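Residue strings, one per chain:
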Amino acid sequence: MNVIECSNLVKRYGSKSVLNNMSFTIQENKITGLIGRNGVGKTTLLKIIAGFIHQTSGELKVLGKSPFNNLFVSANSIFIDDQMTLPPALNLGQILEEAARFYENFDLELALRLLDYFAIDAYQYHNNLSKGMTSTFNMIFGLSAHCALTIFDEPTTGMDAAVRKDFYRALLKDYIAFPRTIIISSHHLEEIEDLLEDVMLVKDGDIHLHMPISELKEWAIGVQGKKSVVANLTNEKDIIYQKEVGVDQVYAVMKNDFEEMEIEQARQKGLKFSPISCNDICVYLTNRGKGGIDDVFSRSEHN
Ligand SMILES: Nc1ncnc2c1ncn2[C@@H]1O[C@H](COP(=O)(O)OP(=O)(O)OP(=O)(O)O)[C@@H](O)[C@H]1O
């Protein structure tokens, strides 16, 4: 079953177009990573899915319903980010108790055990928490809600490395015990890739790539060697990244659609092949085409 069905989704803020004709589906009980550069529209998309804001046009069904202002979607989904506003008059323990009354499958016992593990006092108030503790509490809230659709928008903001690691482990353990559809947006693909089943890469207001992480791991290949030999091999291929690595030597990254035999022949001509991490593939694919940061400095050095 598809938990999310989205076709030709458009979102504009005034004259600014953020999502352009986006179409995709997300199946039930999968963990999907939403990846993209700053400002590409990840939060906008997630807020539309959660029913917080309305799309400008296009069709969106979440759990079979149009999500905007829909009580069924609200009761069966949760959106966690670092801007969550929770009742200021209630302490953390009381907030969790109230949440347990709203969300049918809320695991209050788990929430209290996690609170205790992360040394967060249940009598504290949300407004008084540090940045990292706020994210940790929000994560506990989102995890314990056990909603059919759970959305984490950059959930680890402010968390230290140890807490981040614990969070991902808790998420995985809880997902195994209670499978559900989870979307995580993050800038740290390398940290979450072991958790993910699918990756959705957003670029220019559209889904640039949507595939299982296992396929993404083999999607690209790096080749290094003499410029003319590399050029011969990569002729007519879409190079997604290239840099000079010495005198007459170049390193290039491209989609891996080579036959085994082509690679073997190229090796015999002195070329070296290497795998590319999922994180690097996403960085290369979402490059803004303005060169690297070094170019900014080399231009000012030349002035
Ligand atoms: N309420 C709003 N009014 C006007 N523009 C907005 C509004 N919310 C977001 N935007 C703009 O829409 C674009 C996408 O923002 P969004 O927060 O969805 O990006 P993002 O991919 O989540 O970014 P980041 O990775 O930095 O969190 C940005 O250019 C942002 O300035």
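Residues numbered from 1 in each chain as written. Predicted model: local features only at pLDDT ≥ 70, side-chain atom pairs only at ≥ 80, totals over all residues. Heavy atoms only, no water.

### Structural notes on the UniProt feature "domain: ABC transporter" (unreviewed entry) in the chain
Next, step 1: What UniProt calls "domain: ABC transporter" (unreviewed entry) maps, in this numbering, to residues 4-229.
Next, step 2: Taken end to end, residues 4-229 comprises 34% helix and 30% strand; its first and last C-alpha atoms sit 46 Å apart. (UniProt positions renumbered as here; feature names shortened; annotations may be inferred. Helix = DSSP H or I, 4+ residues; strand = E, 2+ residues; numbered from the N terminus.)

### Some details on the pattern of salt bridges
Next, step 1: Tallied over the full model, the rule gives nine salt bridges.
Next, step 2: Note that Arg-113 and Glu-109 form a salt bridge whose closest N and O atoms lie 3.2 Å from each other. Of this pair, Arg-113 and Glu-109 both sit in helix 4 (residues 108-117), four residues apart, which is roughly one turn of the helix.
Next, step 3: Residue Asp-174 is joined to Arg-180 by a salt bridge in which the shortest nitrogen-to-oxygen separation is 2.8 Å. When sorted by exposure, Asp-174 lands in the same class as Arg-180, which is buried. (Salt bridge = Lys/Arg side-chain N within 4 Å of Asp/Glu carboxyl O. Buried < 20%, exposed > 50% of the residue type's maximum accessible area, 1.4 Å probe, protein only.)

### A word on empty space enclosed by the protein
Next, step 1: Here the structure, examined in full by the defined rule, presents one cavity of 30 Å³ or more.
Next, step 2: In this model, the largest cavity occupies a volume close to 40 Å³.
Next, step 3: Lining the largest cavity, in full, are Ile-80, Asp-81, Asp-82, Ser-135, Asn-138, Met-139, Asp-153, Glu-154 and Pro-155.
Next, step 4: Considering every element that reaches the lining of the largest cavity, the biggest residue donor is helix 5 (residues 131-144), with three residues. (1 Å grid on protein atoms, 1.4 Å probe; cavity = no way out; pocket = protein on both sides within 12 Å on 5 of 7 lines; lining within 4 Å. Points joined across faces, edges and corners; volume = space filled by probe spheres on them.)

### Digging into the packing of helix 3 (residues 92-102) against helix 4
Next, step 1: The N-to-C vectors of helix 3 and helix 4 enclose an angle of 155°; their axes lie 10 Å apart at closest approach. When the axis of helix 3 is compared with that of helix 4, the two are roughly antiparallel. In terms of crossing hand, the pair formed by helix 3 and helix 4 is right-handed. Where helix 3 approaches helix 4, its residues Leu-96, Glu-97 and Ala-100 are matched on the opposing element by Leu-108, Ala-111, Leu-112 and Leu-115.
Next, step 2: For the contact of helix 3 with helix 4, the class distribution of residues is six nonpolar, no polar and one charged. (Axes fitted to C-alpha atoms, helices over the stretch in contact; angles between N-to-C directions. Parallel < 35°, antiparallel > 145°, perpendicular 65-115°, else oblique. Left-handed = near helix turned anticlockwise from the far one by under 90°. Contact = heavy atoms within 4.5 Å. Nonpolar A, V, L, I, M, F, W, Y, C, P; charged D, E, K, R; others polar.)

### A short note on the site of the ligand
Next, step 1: What surrounds the ligand is a group of 13 residues, the closest being Asn-38, Gly-39, Lys-42, Thr-43 and Thr-44.
Next, step 2: Note that an oxygen atom of the ligand is positioned 2.8 Å from one of the backbone N or O atoms of Gly-39.
Next, step 3: One of the backbone nitrogen or oxygen atoms of Val-40 is found 3.2 Å away from an oxygen atom of the ligand.
Next, step 4: A total of 630 Å² of accessible area belongs to the ligand in isolation, and the protein chains cover 59% of it.
Next, step 5: Elements that contribute at least two residues to the shell around the ligand include exactly strand 2 (16-27) and helix 1 (42-49).
Next, step 6: For the shell around the ligand, the residue count by class is three nonpolar, six polar and four charged. (Near = heavy atom within 4 Å. Polar contact = N/O pair within 3.5 Å; in protein donor to acceptor, adjacent residues only side chain to side chain. Areas by Shrake-Rupley, 256 points an atom, 1.4 Å probe, with all protein chains shown as cover.)

### Quick word on the pairing of strand 10 (residues 220-226)
Along any regular strand, the residues point their side chains to alternate faces of the sheet.
Next, step 1: Most of strand 10 is tucked away, with five of its seven residues classed as buried.
Next, step 2: Where strand 10 and strand 12 (residues 249-255) come together, seven bridges link them in antiparallel fashion. By the bridge assignment, Ala-220 is partnered in strand 12 with Lys-255.
Next, step 3: Alignment of strand 10 against strand 13 (residues 272-275), held across four bridges, turns out to be antiparallel. The residue of strand 13 that forms the bridge with Gln-224 is Lys-272. (Pairing = 2+ DSSP bridges.)

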